[in-house]
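# A closer look at the structure
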Amino acid sequence: MSVIVRDFRPSDAPAVVRVRRACVPYAVTTEEALHFAVRSANPASKYRMLVAEDGGEVIGTSHVALAYDSEEPGQARVNPHVHPDHKGKGVGSAILRAAEEHLAAEGATTLFAWVNDEPASLAFAAHRGYSPLRTAHFQRLDLAAATLPEPLKLPAGCALATAADFAGDPRSVFEADAEATSDEPGDISTSLDDYEDWLNNTWQHPCLDQRLSTLVVADGRIVAFTLVHTDGERTYLSAMTGTLRDYRGRSLAKAAKADSLRRARAAGYTDAFTNNDSENEPMLAVNSWFGYRISASEVRHVRELV
């Protein structure tokens, strides 16, 4: 076996989608999203999408980038994926080696990677110097068969809207996302303070379904929201759900998700996924209330380069 690791080419998109869907079936991956990731990457991220090929067949891939939006310099992300049919052949090691060399050359000092919570993947990470930090759970809801709650009654002064209603001026969506993101548990502190970057990477993401993303509006402000990614076929993913600090404890996130899920099912989506840090107890409770059940878990790992 002679594995070649190189940069992504546009013609690789169908094969990369195949690999990623086999490795991460609970994520939303499309060819358009791959092209978008390469095209829209912030220059400060030093982003690369690596692919591993053997005999002309793409069998592995990884997004590789500096965490340019972190408050702490030198942090970076790498997440290699190898098609299940080709594991145990050194493909993951080859991708990881190339990613580490690139990031080190760009000034990275701390690398973070999500690793499947199963023995072989955990052993792979440990053998290469990565240490476990925290766990996150992917949860699935059988949207076709689930008994969804009736629309929740909103407090006085609150009303539902969609992200599409703010297409002309999404700054208020950005402001709500920025506050909610700052309170998310995690290992890399993230500060959403660049509106143009948010527009380029979040609002204009081809998988963001503005019609199915539900917002709760009060006094002209977005006070709770759920932003949704879809693959245009059957898979629906809660990309971010949050409530402003002053409005928490009023079931507004539940109301947003209930509305979005009901409309997603009406639109023909059958599989709903979400992802929460194991320490994010409020959102875990909300998703459990809807009937989501854990379908997979990942463990965040870290490696210090210096």
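Note that the structure is a prediction, hence the values are computed from the model and not measured.

Criteria and cut-off values
- Residues numbered from 1 in each chain as written.
- Predicted model: local features only at pLDDT ≥ 70, side-chain atom pairs only at ≥ 80, totals over all residues.
- Heavy atoms only, no water.
- Helix = DSSP H or I, 4+ residues; strand = E, 2+ residues; numbered from the N terminus.
- Rg over C-alpha atoms; globule rule 2.2 N^0.38 Å.
- Buried < 20%, exposed > 50% of the residue type's maximum accessible area, 1.4 Å probe, protein only.
- Pairing = 2+ DSSP bridges.
- Salt bridge = Lys/Arg side-chain N within 4 Å of Asp/Glu carboxyl O.
- Phe/Tyr/Trp six-rings, centres within 6.5 Å; stacked < 30°, edge-to-face > 60°.
- Lys NZ or Arg CZ within 6 Å of the ring centre and 35° of its normal.
- Disulfide = S-S within 2.5 Å.
- Axes fitted to C-alpha atoms, helices over the stretch in contact; angles between N-to-C directions.
- Contact = heavy atoms within 4.5 Å.
- Polar contact = N/O pair within 3.5 Å; in protein donor to acceptor, adjacent residues only side chain to side chain.

With that settled, consider the overall build of the protein chain. Along the backbone of the protein chain there are 8 helices and 12 strands. Taken over C-alpha atoms, the radius of gyration comes to 20 Å for the protein chain, in line with the 19 Å a tight globule of 306 residues would show. Its C-alpha atoms give the protein chain principal-axis dimensions of roughly 65 × 40 × 35 Å. Looking at the 306 residues of the protein chain, the share that counts as buried comes to 52%.

For strand 2 (residues 48-54), a buried count of 5 out of 7 residues is recorded, marking the element as mostly surrounded by other parts of the structure. Bridge count for strand 1 (residues 3-7) against strand 2 is 5 bridges, and the pairing is antiparallel. Its bridge partner lying in strand 2, Val3 is registered against Asp54. Relative to strand 3 (residues 57-66), strand 2 runs antiparallel, the two being bridged by 7 bridges. Residue pairing in the sheet places Met49 in a bridge with His63 of strand 3. In this structure, the hairpin formed by strand 2 and strand 3 is closed by a connection of 2 residues, where Gly55 is found at a positive phi of approximately 60°.

Right, let's get into the pattern of salt bridges. Taken as a whole, this structure holds 13 salt bridges when the rule is applied. Ionic pairing is found between Arg48 and Asp7, a salt bridge with its closest N-O pair at 2.8 Å. One end of the pair, Arg48, is in strand 2; the other, Asp7, is in strand 1, and 41 residues separate them in sequence. On the accessibility criterion, Asp7 (39% relative accessible area) is partly exposed. Between Arg263 and Asp259 there is a salt bridge; the shortest N-O distance is 2.9 Å. Placement of the pair is Arg263 and Asp259 together in helix 7 (residues 252-266), with a separation of 4 residues, close to one helical turn. For Asp259, a relative accessible area of 21% gives the class partly exposed. Residues joined in a network through salt bridges with shared partners are Arg6, Asp12 and Glu53.

Two strands pair when backbone bridges link them, and strand 5 (residues 110-116) and strand 12 (residues 293-304) are joined in this way by 7 bridges, in the antiparallel orientation. By the bridge assignment for strand 12, Phe112 is matched with Val302.

A word on the packing of aromatic side chains. Counted by the stated rule, this structure contains 6 aromatic pairs. For the pair Tyr195 and Trp198, a centre-to-centre distance of 6.2 Å together with 15° between the ring planes defines the contact as stacked. Here Tyr195 pairs with Trp198, and both are found in helix 6 (residues 195-203), just 3 residues apart, close to one helical turn. Residues Tyr195 and Trp198 agree in their burial class; the two are buried. Through a chain of ring-to-ring contacts, the aromatic side chains of Phe174, Tyr195, Trp198 and Trp203 assemble into a single cluster. Across the ring face of Tyr195, the terminal group of Arg171 is positioned such that the distance to the ring centre comes to 3.9 Å. Lying over the aromatic face of Trp289, Lys254 brings its terminal NZ or CZ to 4.1 Å of the ring centre.

Moving on to the state of the cysteines. Using the criterion set out here, one finds 0 disulfides in the structure. Cys23 supplies the cysteine sulfur nearest to Cys207, a cysteine that is in no disulfide, at a spacing of 17 Å. Residue Cys207 is classed as buried on the basis of its relative accessible area, which comes to 2%.

Read across the sheet, 12 strands follow the order 1-2-3-4-5-12-6-11-10-9-8-7 without closing on themselves; strand pairing throughout is mixed. On the outer flanks of this sheet lie strand 1 and strand 7 (158-162), each paired with one strand and no other. For this sheet the average axis-to-axis angle between neighbouring strands, irrespective of direction, equals 25°. As defined by bridge partners, strand 6 (residues 131-142) adjoins strand 11 (residues 271-277) across 7 bridges and the pair is classed as antiparallel. Each bridged residue has a counterpart across the sheet, and for Leu141 the counterpart in strand 11 is Ala272. Relative to strand 9 (residues 221-230), helix 5 (residues 171-182) is tilted by about 85°, and along the sheet it contacts strand 8 (214-218), strand 9 and strand 10 (235-243).

Those residues of helix 6 that fall on the buried side of the exposure criterion are Tyr195, Asp197, Trp198, Leu199 and Trp203. In this structure Asp194 caps helix 6, since a side-chain oxygen of it lies 3.2 Å from the backbone nitrogen of Glu196.

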